[in-house]
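Take a look at the letters that make up each chain.
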There are 2 protein chains.
Amino acid sequence: MTNSNNRRQQLLEVAATCFYREGYDAASMRLIAEQAGMRTASIYYHFESKDALLVAVHEEALHRIQEAVNAALMDVKGEWNRLEAACAAHLEMLLTGGTFFKAVMRHVPSAVEGRELIFKLRDDYERIFADLIADLELSPETDRGTLRLMLLGAMNWTFTWWRPHEGPAPAVLAFRFVTNLRSCLDLPA
Amino acid sequence: MTNSNNRRQQLLEVAATCFYREGYDAASMRLIAEQAGMRTASIYYHFESKDALLVAVHEEALHRIQEAVNAALMDVKGEWNRLEAACAAHLEMLLTGGTFFKAVMRHVPSAVEGRELIFKLRDDYERIFADLIADLELSPETDRGTLRLMLLGAMNWTFTWWRPHEGPAPAVLAFRFVTNLRSCLDLPA
DNA sequence: GTCTATATGCTGATAGAC
DNA sequence: GTCTATCAGCATATAGAC
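So, a few notes on the structure that sits alongside this text. Worth saying up front: this structure is predicted, and the values here are computed from it rather than measured.

Each value, and the rule that gives it
- Residues numbered from 1 in each chain as written.
- Chains lettered and ligands numbered in written order.
- Predicted model: local features only at pLDDT ≥ 70, side-chain atom pairs only at ≥ 80, totals over all residues.
- Heavy atoms only, no water.
- Contact = heavy atoms within 4.5 Å.
- Buried area = accessible area lost by both parts, 1.4 Å probe.
- Salt bridge = Lys/Arg side-chain N within 4 Å of Asp/Glu carboxyl O.
- Polar contact = N/O pair within 3.5 Å; in protein donor to acceptor, adjacent residues only side chain to side chain.
- Phe/Tyr/Trp six-rings, centres within 6.5 Å; stacked < 30°, edge-to-face > 60°.
- Buried < 20%, exposed > 50% of the residue type's maximum accessible area, 1.4 Å probe, protein only.
- Helix = DSSP H or I, 4+ residues; strand = E, 2+ residues; numbered from the N terminus.
- Lys NZ or Arg CZ within 6 Å of the ring centre and 35° of its normal.
- Core = buried A, V, L, I, M, F, W, Y, C linked by side-chain atoms within 4.5 Å.
- Least-squares fit on C-alpha atoms with pLDDT ≥ 70 in both.
- 1 Å grid on protein atoms, 1.4 Å probe; cavity = no way out; pocket = protein on both sides within 12 Å on 5 of 7 lines; lining within 4 Å.
- Points joined across faces, edges and corners; volume = space filled by probe spheres on them.
- Nonpolar A, V, L, I, M, F, W, Y, C, P; charged D, E, K, R; others polar.
- Axes fitted to C-alpha atoms, helices over the stretch in contact; angles between N-to-C directions.
- Parallel < 35°, antiparallel > 145°, perpendicular 65-115°, else oblique.
- Left-handed = near helix turned anticlockwise from the far one by under 90°.
- Expected span 1.5 Å × (residues − 1).
- Near = heavy atom within 4 Å.

Next up on the list: the interface of chain A and chain B. Counting residues at the interface gives 30 residues for chain A, matched by 30 residues for chain B. At the boundary of chain A with chain B, total buried surface from both sides reaches about 2600 Å², with 67% on carbon and sulfur atoms. The largest contributions to the chain A side of the interface with chain B come from A:Met150, A:Trp157 and A:Asn180, which together make up 27% of the buried area. Here chain A is connected to chain B by two salt bridges. Note that A:Arg176 is salt-bridged to B:Asp143, the shortest N-O span being 3.7 Å. On the surface where chain A and chain B come into contact, there are four residue pairs in polar contact (both at pLDDT 80 or more).

Summed over the entire model, instances satisfying the criterion amount to eight aromatic pairs over all chains. A ring pair is formed by A:Phe19 and A:Tyr24, whose centres lie 5.3 Å apart and whose planes are at 40 degrees; its orientation type is tilted. The exposure class of A:Phe19 is buried, given its relative accessible area of 2%. Aromatic pair B:Tyr125 and B:Phe129: ring centres 6.1 Å apart, planes at 80 degrees, arrangement edge-to-face. Here B:Tyr125 and its partner B:Phe129 are both found in helix 7 (residues 115-134), four residues apart, which amounts to about one turn of the helix. Both residues of the pair, B:Tyr125 and B:Phe129, count as buried. Lying across the ring of A:Tyr24, A:Lys50 places its NZ or CZ 4.4 Å from the centre.

A:Phe19, A:Ile32, A:Leu83, B:Phe19, B:Ile32 and B:Leu83 are the most contacted members of the largest nonpolar core, which totals 134 residues. Non-local contacts of B:Ile32, meaning those with residues more than four positions away in its chain, are made with B:Leu11, B:Val14, B:Ala15, B:Cys18, B:Phe19, B:Ala27, B:Ile43 and B:Leu53.

Before going further, it helps to spend a moment on the relation of the copies chain A and chain B. Once turned by 180 degrees and shifted 0.1 Å along the axis, chain A lies on chain B with an RMSD of 0.1 Å. Taken together, these values place the two copies in the relation of a two-fold axis. A shared binding surface is used by both copies, with 100% of the interface residues of chain A retained as interface residues in chain B.

A water-sized probe rolled over the atoms picks out the places where empty space is left. Evaluation of the coordinates by the stated rule reveals three cavities of 30 Å³ or more. Estimates place the volume of the largest cavity at around 170 Å³. Along the walls of the largest cavity sit 15 residues, with A:Gly23, A:His107, B:Gly23, B:Tyr24 and B:His107 positioned nearest its centre. Taken together, the residues that form the lining of the largest cavity break down as five nonpolar, four polar and six charged.

With that settled, consider the packing of helix 5 (residues 79-96) of chain A against helix 7 (residues 115-134) of chain A. Residue and element names in this part refer to chain A. Where helix 5 contacts helix 7, the axes come no closer than 9 Å and their chain directions differ by 160 degrees. One element, helix 5, and the other, helix 7, form an angle in the roughly antiparallel class. Where helix 5 crosses over helix 7, the handedness of that crossing is left-handed. Where helix 5 abuts helix 7, its residues Arg82, Leu83, Ala86, Cys87 and His90 lie against Tyr125, Phe129, Leu132 and Ile133.

This part takes up helix 4 (residues 50-73) of chain A. With 24 residues, helix 4 of chain A extends 35 Å between its outermost C-alpha atoms, agreeing within 8% with the 34 Å of an ideal straight helix rising 1.5 Å per residue. In the segment just after helix 4 of chain A, A:Asp75 is the residue with positive phi, at about 65 degrees.

Residue and element names in this part refer to chain A. A complete count under the given rule lists ten salt bridges over all chains for this structure. For Arg127, the salt bridge identified is with Asp124, shortest N-O distance 3.8 Å. One end of the pair, Arg127, and the other, Asp124, are both in helix 7, three residues apart, so they sit about a helical turn from each other. Its relative accessible area of 47% is what places Arg127 among the partly exposed residues. Salt bridges sharing common partners tie together Glu13, Glu60 and Arg64.

Turning our eyes to something else, we now look at the environment of A:Leu121. Residue and element names in this part refer to chain A. Note on placement: Leu121 falls in helix 7. In the structure, Leu121 is positioned 59 residues away from Leu62 in sequence and 7.1 Å away in space, judged by C-alpha atoms. When neighbours within four sequence positions are excluded, Leu121 is seen to be in contact with His58, Glu59 and Leu62.

What surrounds DNA strand D is a group of 18 residues, the closest being A:Ser4, A:Arg7, A:Arg39, A:His46 and B:Arg30. Counted by atom, the contact set of DNA strand D within 4 Å of the protein is 67% sugar and phosphate. Within the side chain of B:Tyr44, an N or O atom sits 2.9 Å from a phosphate oxygen of DNA strand D. Going through the elements one at a time, helix 1 (2-22) and helix 3 (40-46) of chain A together with helix 2 (29-36) and helix 3 (40-46) of chain B are the ones with two or more residues in the surface near DNA strand D. For the surface near DNA strand D, the leading source of residues is helix 3 of chain A, giving four residues. Split by residue class, the surface near DNA strand D holds eight nonpolar, six polar and four charged.

Attention shifts here to helix 5 (residues 79-96) of chain B. All names here are of chain B. In a regular helix each residue adds 1.5 Å, so 18 residues correspond to 26 Å; helix 5 covers 25 Å between its end C-alpha atoms and thus fits that length. Buried residues of helix 5: Trp80, Leu83, Ala85, Ala86, Cys87, Ala88, Ala89, His90, Leu91, Met93, Leu94 and Leu95, and no others. Remark: Gly98 follows helix 5 within two positions and exhibits a positive phi of approximately 95 degrees.

Okay, structure coming up:
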């Protein structure tokens, strides 16, 4: 039972890495099994299908990142500070939290069973940012929906170009992103 | 010869649509052939492999979008206006220019021959925006690299959520994106 | 240029021993 | 829980007729 949970957890990590690096289709069950040090058939003791494995990866990753963002928001005061803290936590997980979270950014093939659930999980998570942006004081002509999608787009695109030891640290990136949006918008002049 | 070029062009369009909708691996040569109204083997008269087909899709799409952006920049004066015009053209192609351009945003599996070339084509195209941003007058502490990546990220992420007849028109989106970045940055106070 | 027919290999998944 | 062995199907790609 405990052993089973360990293996299950290990499989999730390995699968996420494969899904991220190869994409869902190219990440074969054989490859995942090999990376996890077991045979293909053994995976099916822990997960009923490859699709179920992908769904489980999303559940785990989004649960973890949601907790990280909520933790980062504890005791932070000020609307813009809170937004920046959430962005920093989001980028921290995405860029340096292991391949687990990058897997969530990949395309989900249309034939995957549980695709709708995956989209729902993603949407639920992103609602944190909608709430934070709703709290901002903005000039009346600013569209909050666009602002949210712009910020999330900028953040979620980082995983295509960011490399460890090269680009700016996640927290620096969060500061710049929010600063670039901030100064112009917060005061009704 | 002319007939061959027509077929080749048609295959490119069909393949791009399949690559976008299904992802590279799930878009089988059988499916592409079927959608194009021919047999699998016939594709190989026009393209030597599936990988070559993907590379050709990128060459065509990036060539076209580059021309569209350059055309949109003709006779536009003012650094911020030029950036906005380029963004509008970019979004116009990406969102309403057919699936051709969305295919370029998808993940390229690591095993694809010509992967490096594809990345080079993407980088070359994005240099347009680096040049436009280099022309802006910004407060000295603003990082232009971050600004470029932020804007491209926001734009390239749109194809994950934008739907025809729902979201804002591409030109409106371009205006909001640039406006959100603009007011705060252009004057050294 | 497009076809039929086929080679070869990899895919997700299952059966059943241990 | 993990294994060996295997299935049926689909993948890319090629050979050669028309």
